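Results of the structural survey
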Amino acid sequence: MISDFKKLQKEASEAIDNSANAADLEKVRVKYLARKGELALVMKKIRDLKPSEKKEAGKTANEVKKDLLSKFFEKRVSFSKIPDSVRKEKEWIDVTAPGVVLSHGALHPITQILFDLEEFFRSMGYEVIEGPDIETDYYNFEALNMPKDHPSRDMQDTFYLENGMIPRTHTSGMQIRYMEKHKPPVRIIVPGRVYRNEKEDSMHTCTFYQLEGLVIDETTSFANLKATLMSAVKHIAGKDKQIRFRPSYFPYTEPSAEIDMTCFKCRGKGCTVCEGSGWIELGGSGMVHPALLARVGYDADKYQGFAFGFGFDRIMSMKHDIKDARFYYKSDLRFLNQF
Amino acid sequence: MKLSYSWLKSYVDFDLSPKELAKLLTMHTAETVVEADPASEKFKGIVVAEIIEIKKHPNADKLSLVDIKTADGKFNIVCGGTNLKAGKKVAYAKVGAELPNGMVIKEALIRGVKSPGMICSAEELGLPKSGEMEILYLSDNAKLGDNVSAYLIAKDNKGGNAGGNADGNVGGNADKDDMNGKDVLLDVSIPANRPDLASHLGVAREISALTKIEIAIQEYKTPEIDEPKEMIKAEVLDKDLCPRFYGFVISGLKIEPSPDWMQERLKSLGLTPINNIVDATNFVMYDQGHPMHAFDYEKIAGGVMKIRGAKEGEEVATLDGIKHKLPDGAIIMQDSEKIFDLAGIMGGANSEISDSTTAIVLQASNFKGEAIRKTSRKLGIRTDASSMFERNISTSISPYVLAKTVALLREKQKGLKVHQIIDIRSKKDDSRVIELSGGKIKNYLEIDFHSEEIAEIFRRLGFQTDRKGGTFFVRVPAFRIDLKGPEDLIEEIIRIYGYDKIPSKFPRSELKPAKENMDLKWEKIAKNTLANSGFYEVYNYSFTGKKMIEMLALDMEEYFKVINPKNPDNEYLRTTLIMGILQNITDNLPNFEKFSIFELGKVFYSKGRDMKEAGQKENFIEKKMLTGAVVNAGRKELEFYGAKGVVERLLYEFGFSKGETKFEHLDVAQPTFHPGRTATVKIKVKGEGKFEEQYFEDIGFVGEIHPDMLERFGIKTDVALFDLDFEKLLKYASEKIGYVDVPKFPSITLDMAVEIDEEVPASEVLGLIASAGGDLIYDIDLFDIYQGKQVGKGRKSLAFHIIYLSEERTLKEKEAKEIHDRIAKTLKERFNAVIR
């Protein structure tokens, strides 16, 4: 009896394997697996067996049936699969047509560079501070050694409000505000919006963004300023960039230095962007004037430090060759959706 | 300030081209550029190029093919010159350049070979022919791509060629001799603290210190008094405004033209020579950096000169013929009858030198910078004199200045007689000694100087140095008023030594974590949430114009006004971000059908707007707002629900769970928002009182824009807006989100469509479902709101997924169904609802 099953299993398996299409396979099914098929016929005979043989025969029968059915379904599935060659032809889409944006937004390019700078300075232990956009004359000028009617005030075109306050012309006022409330050592950056009363053109906007830095400790030196700015510039503008210092005058730093960085366009060779010098102006810096330290009650004989300030929107412009800075404030999505 | 190259050279015999000099000064003194001389306009498009290789023209014996290199690439030029030599620098006229003779260079085809431009001869550049040399060679140091004008400084035409030396070179060092009226101007940005530098002498001193070449300064002694006579009685009434009055009374003068050399010097600065006296005062002013003025003695009534501050409303007519109403504090001179000088800014017309003048009061007085600056601003006159005085010139140099002026006049005016020297001085700023420790230099710069090096730098600057131990005692000249403390001397050291030699070293200090700025952290979260939800961030100006304020029907009283805007759009500070956002929508709609934008920025207004603001001492409020818009979401009312959805997400990120936020129908109408399609956004906060009872606080709005407003902005699509007080969000934000455990047992979702009267708010229906359903309701999701034919007028249909879940066991379908039916029954009873 068991050998009958085995024989049938072999025969049917081969028939399933050999069927060339779904119709053949169906014939095989009818012949072997249908209600009146050969398997059913053999299984009927189990009834006639002795009870001692019944159990084993039944078990074998079930195994064979299970095996054949699974082979049958497997084969049937294989017939129903559409071959890749057909799919390629019938289910074709035009992959060269443009993609569809499902949902996309973006941070403003200045926000992006600001986040990057904040992260960078935080990694060196700087605290990030904000200050008021609208300042008093004292913090914007006077406390920074720029008394009223001093020609150094000409360095910045200033908006004045009716109430005597000033949309800050730089973030430097926060040096004083912070030092008044905190004891040294100090290590902060102050990013923020600053205002200049200028006629706008592609290079000048009445609003721009500045990053102020202030470090005060017992031995903070000009050499420290150089290393700090050099690394910041390399981080934000690329490893091939250099900085250089040249003399300048800011009433609140002494010695003072203008910071130049390698021109993006010509990489230092000299071009129309940098007017042939190979360098572009980045901002101002210097050693904090002892008068400021004394003004906020620091011991100017014990503490010294550096400060710097630069327009980081300008770096963004140069990095991406944005020729007109006014685009930052036009809210034109054709501009913004590129960042 | 514009300075003449050859004038500087008359002081220091340096061997630097104008460009080299400009670079030296920029790196060590002050930013300096070579003034684009009108010649560079004349030679526009004609640049320095270098010859690389010369080949024969295939079709013409007399022509060559020349490979040249310039700043923007290599070119192959057809050229007829016979003196071509590889490696030489030549003048290359690019395509489009116009030669001095008017010829415009085009790309030419010469005997079958293309030539993009031309190599120029001296003649073609309008210069005298340089012998047989057809092609003009430029200095070997000329920089590729530079305009050639910088290298064409013609020498005196000795020898009849364009300064060409034996091998045809011009320029470069073409200034050993007299310039042929063709000087080069340098524009030096004089720092506000360096009055001494605003002169040829001052910059020449710097050049001397930098090049170590001695400066040739002629000595001028105060003249002897020829015939003593008290012709002028001078009195300084306000000593603060005039720290030194210094003048000579001179007679025996004849007005005539000034010497040619002096006229040339003045012309080189762009000034028009007038007469010997005026020219001498101008020449010495630009030479020494101290303004002076000559009055016609006969025109000073009573021989009286009084110097005082003007009273508001007093008048004076200046040399330019303009009558000025003076502000308080202007410095004036007055005789027995009239005001005759606007001191330090411009002389008076009524004391002006004329052709018949024979006697003058020549004075080089010192005036207070702040007063000069204030007056000059108020009157809107800036002269070279006023900008020199603004920097507060040292009171010590007047005698030298007048001595030189008189000596120059005397060269031609043999009859000149000095009668009186007036010197009234109340402020001294003589040379002073500054103490500087070697340790401080090292501390600041981290450079190990030898003390000899320091002394040498100071010597070059004209400072005298004494040393005791490690300390320098530095005597600085009187005219260096900027030098006050040791840090000023450290700047002198480093700028002469070179900023580029400062080493680069990171600070050493305690390795302490930076304090986190939580406000900025939240700002980052808010911005990222919005950007990730498909919003573009915009930056608008903090200013606005009157037009916009009127358009938005806002209260002008709240606005802070800028008193000096250059542009009417900058006249006021913005009080809301909404107007910027609306303008952005208008601007972007021509290019985009649908989009979402937001801005996180500051607004400014007067405290009157909301008295609730606490802690603001001044009547001025500056705060951050977060405002955004959804423009045309593509499905009816999706703008509103999209805007609301993002606000909900934002509040969730800020730690407010569902039960802690509320959106309520707007109760007070306002011009910006749609009266029926706007919600007040509220968050649950803890009171500050003793019991910290909780209440809901308004933080802003979310709603559709009022159709009238859309019309005013010409917006023809639906827009929903949110406008949130970001400072309040910051105040109550919490990093703890409303986390609940993920369920262990499966849930059952059953749907229900509820048809009710349209004025019943969804929030009430939701509330009722929740309370009627009890603990086994896990979540309710309102997924559709329908109004239209199928439900009839005045009715609406709300479709919900109601999710049932037990936290203890697997809920049976039957149980859920029972609760579902109970909810339906309650809704029918309460809202007269039809349930589907």
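Analysis parameters
Residues numbered from 1 in each chain as written. Chains lettered and ligands numbered in written order. Predicted model: local features only at pLDDT ≥ 70, side-chain atom pairs only at ≥ 80, totals over all residues. Heavy atoms only, no water. Helix = DSSP H or I, 4+ residues; strand = E, 2+ residues; numbered from the N terminus. Buried < 20%, exposed > 50% of the residue type's maximum accessible area, 1.4 Å probe, protein only. Areas by Shrake-Rupley, 256 points an atom, 1.4 Å probe, with all protein chains shown as cover. Rg over C-alpha atoms; globule rule 2.2 N^0.38 Å. pLDDT = per-residue confidence, 0-100. Contact = heavy atoms within 4.5 Å. Patch = residues over 30% accessible without salt bridge, like charges linked within 9 Å, V, L, I, M, F, W, Y side chains within 5 Å. Salt bridge = Lys/Arg side-chain N within 4 Å of Asp/Glu carboxyl O. Lys, Arg positive; Asp, Glu negative; His and termini not counted. Charge placed at Lys NZ, Arg CZ, Asp CG, Glu CD. Pairing = 2+ DSSP bridges. Disulfide = S-S within 2.5 Å. Buried area = accessible area lost by both parts, 1.4 Å probe. Nonpolar A, V, L, I, M, F, W, Y, C, P; charged D, E, K, R; others polar. Axes fitted to C-alpha atoms, helices over the stretch in contact; angles between N-to-C directions. Polar contact = N/O pair within 3.5 Å; in protein donor to acceptor, adjacent residues only side chain to side chain. Parallel < 35°, antiparallel > 145°, perpendicular 65-115°, else oblique. Left-handed = near helix turned anticlockwise from the far one by under 90°. Phe/Tyr/Trp six-rings, centres within 6.5 Å; stacked < 30°, edge-to-face > 60°. Lys NZ or Arg CZ within 6 Å of the ring centre and 35° of its normal.

All right, on to the overall build of chain B then. Secondary structure summary: chain B contains 20 helices and 39 strands in total. Taking the principal axes of its C-alpha atoms as reference, chain B extends roughly 125 × 85 × 60 Å. The buried share among the 836 residues of chain B stands at 52%. Accessible surface for chain B amounts to roughly 39500 Å². Of this, 49% is attributable to carbon and sulfur atoms.

Scanning chain A from N- to C-terminus turns up twelve helices and nine strands. Its C-alpha radius of gyration of 40 Å places chain A more than 25% over the 20 Å reference for a compact globule of 339 residues. With the C-alpha coordinates aligned to their principal axes, the bounding extent of chain A is approximately 120 × 45 × 45 Å. For chain A, buried positions account for 55% of its 339 residues. With the model as given, the accessible surface of chain A reaches about 16200 Å², and the carbon-plus-sulfur share is 52%.

For the rest of this paragraph, the subject is the confidence of the model for chain B. Reading fine detail from the predicted coordinates is not recommended where pLDDT is low. Residues and elements named next belong to chain B. Confidence in the prediction of chain B, expressed as mean pLDDT, is 89, and 94% of residues score 70 or more. For chain B, the element scoring lowest by mean pLDDT is strand β11 (residues 169-170), at 40; strand β27 (residues 536-537) scores highest, at 98. Scored below 50 in pLDDT, residues 154-181 makes 48 contacts in the model with residues more than four places away or belonging to other chains. Segment residues 611-617: pLDDT under 50, and six contacts once partners within four positions in sequence are set aside and those in other chains are kept.

With that settled, consider a positive patch on the surface. Residues and elements named next belong to chain A. The grouping of Arg35, Lys36, Lys44 and Arg47 at the surface amounts to a positive patch. On the secondary structure map, Arg35 appears in the loop between α2 (22-33) and α3 (38-44). Using a relative accessible area of 80% as the deciding quantity, one classes Arg35 as exposed.

Take the side chain of B:Ser394 next. All names here are of chain B. Looking at the element boundaries, Ser394 is found in the loop between α8 (384-390) and α9 (398-410). Accessibility expressed as a relative area gives 2% for Ser394, which makes it buried. Setting aside anything within four residues of it in sequence, one finds Ser394 in contact with Asn366, Asp429, Ala478, Phe479 and Ile481.

This part covers the side chain of B:Ser351. Residue and element names in this part refer to chain B. Mapped onto the secondary structure, Ser351 falls in the loop between β21 (346-347) and β22 (360-363). By relative accessible area, Ser351 is classed as buried at 0%. In this structure, Ser351 is in contact with Ala294, Phe295, Asp296, Lys299 and Phe340, ignoring residues within four places of it in sequence.

Glancing now at the pairing of strand β9 (residues 304-311) of chain A. Residue and element names in this part refer to chain A. Of all eight residues in β9, eight are buried; the element is thus mostly enclosed. Burial of β9 is two-sided: the residues Gln304, Phe306, Phe308 and Phe310 facing one way and the residues Gly305, Ala307, Gly309 and Gly311 facing the other way are all buried. Relative to β9, strand β5 (residues 207-217) is paired through eight bridges, and the arrangement is antiparallel. Following the sheet pairing, Val215 is matched in β9 by Phe306. Judged from the five bridges that link them, strand β8 (residues 279-288) and β9 form a sheet pairing that is antiparallel.

Another aspect to go through is the state of the cysteines. What the rule picks out here adds up to zero disulfides over all chains. Summary of cysteine pairing: A:Cys271 is not part of a disulfide, and the nearest cysteine sulfur, belonging to A:Cys266, is at 3.6 Å.

Counting residues at the interface gives 81 residues for chain B, matched by 88 residues for chain A. Taking both partners together, chain B and chain A bury about 7400 Å²; carbon and sulfur atoms supply 53% of that area. A per-residue breakdown of the area chain B buries against chain A is headed by B:Tyr536, B:Tyr539 and B:Tyr541, which together make up 12% of the total. Among the salt bridges present, the one from A:Arg246 reaches B:Glu31, with a minimum N-O distance of 3.8 Å. The class makeup of the residues in the side of chain B that touches chain A is 31 nonpolar, 18 polar and 32 charged.

Further remarks concern unusual backbone geometry. Residues and elements named next belong to chain A. Cis geometry is found at the peptide bond from Pro184 to Pro185, where omega equals 0°. Mapped onto the elements of the fold, Pro185 is located in the loop between α8 (173-181) and β4 (186-195). Across the junction of Glu254 and Pro255, the peptide omega takes the value -5°, indicating a cis bond. The residue Asp149 is not glycine, and still its phi comes out positive at about 60°. With respect to the secondary-structure elements, Asp149 resides in the loop between α7 (137-140) and β3 (166-167). If you check the backbone angles, Glu275 has positive phi at about 55° while not being a glycine.

With that settled, consider the sheet that holds strand β2 (residues 32-34) of chain B. Residue and element names in this part refer to chain B. What the three strands build is an open sheet, ordered β1-β12-β2; its pairing is antiparallel. Taken across any chain shown, the strands that pair with only one partner, and hence form the sheet edges, are β1 (2-4) and β2. Each neighbouring strand pair of the sheet contributes to a mean axis angle of 30°, computed without reference to strand direction. Relative to strand β12 (residues 185-188), β1 is paired through three bridges, and the arrangement is antiparallel. Within β12, the residue paired with Ser4 across the bridge is Leu185.

A cluster of nonpolar side chains, B:Ile737, B:Tyr739 and B:Val742, forms an exposed patch at the surface whose accessible area comes to about 320 Å². Given a relative accessible area of 55%, B:Tyr739 falls into the exposed group.

Residue and element names in this part refer to chain B. Residue position: Asn83 is located in the loop between β5 (73-79) and β6 (89-93). With relative accessibility at 12%, the residue Asn83 sits in the buried group. Engagement of the side chain of Asn83 in a polar contact is seen with the backbone oxygen of Ile135, the distance being 2.9 Å.

On to the pattern of salt bridges, then. All names here are of chain B. Throughout the structure, instances matching the rule amount to 75 salt bridges over all chains. Among the ionic pairs, Lys19 bridges to Asp146, the shortest N-O distance being 2.7 Å. With Lys19 in helix α2 (residues 18-28) and Asp146 in the loop between β10 (137-138) and β11, this pair connects stretches of sequence that are 127 residues apart. With a closest N to O distance of 3.0 Å, Arg677 and Glu704 form a salt bridge. Placement of the pair is Arg677 in strand β33 (residues 673-686) and Glu704 in strand β34 (residues 694-705), with a sequence separation of 27 residues. One network of salt bridges, with partners in common, ties together Arg194, Asp196, Glu206, Arg480, Asp482, Glu492 and Arg495.

This paragraph deals with a negative patch on the surface. A surface patch of like charges, here negative, comprises B:Asp741, B:Asp775, B:Glu807 and B:Glu808. Residue placement: B:Asp775 occurs in the loop between α19 (762-773) and β37 (777-786).

Residue and element names in this part refer to chain A. Here helix α6 (residues 109-123) crosses helix α11 (residues 312-320) at 110°, and the two axes come no closer than 10 Å. Viewed along their axes, α6 and α11 adopt a mutual orientation that is roughly perpendicular. The chirality of how α6 crosses α11 is right-handed. Between α6 and α11, the contacting residues are Pro109, Ile110, Ile113, Leu114 and Leu117 on the first element and Phe312, Asp313, Ile315 and Met316 on the second. Here the contact of α6 with α11 is built from residues that sort into eight nonpolar, no polar and one charged.

Glancing now at the packing of aromatic side chains. Going through the model one piece at a time under the given rule, you end up with 38 aromatic pairs over all chains. On the numbers, 4.7 Å between centres and 5° between planes, the contact of B:Trp7 with B:Phe283 is stacked. Within this pair, whereas B:Trp7 is found in helix α1 (residues 5-11), its partner B:Phe283 is found in helix α6 (residues 276-288), the two being separated by 276 residues in sequence. Note on accessibility: B:Trp7 and B:Phe283 belong to one class, buried. Seen in terms of ring centroids, B:Tyr220 and B:Tyr400 are 5.9 Å apart; in terms of plane orientation they differ by 70°. Their pairing is edge-to-face. With B:Tyr220 in the loop between α4 (200-211) and β13 (233-236) and B:Tyr400 in helix α9, the pair connects residues that are 180 residues apart, well separated along the chain. Residue class for B:Tyr400 comes out partly exposed when judged on its relative accessible area of 24%. Ring-pair connections join several aromatic residues into one group, and the members of that group are A:Phe120, A:Phe121, A:Tyr126, A:Phe306, A:Phe308 and A:Phe310. Sitting above the plane of the B:Phe473 ring, B:Lys468 keeps its charged end 4.9 Å from the centroid. The ring centre of B:Phe696 lies 4.2 Å from the NZ or CZ of B:Lys662, which sits over that ring.

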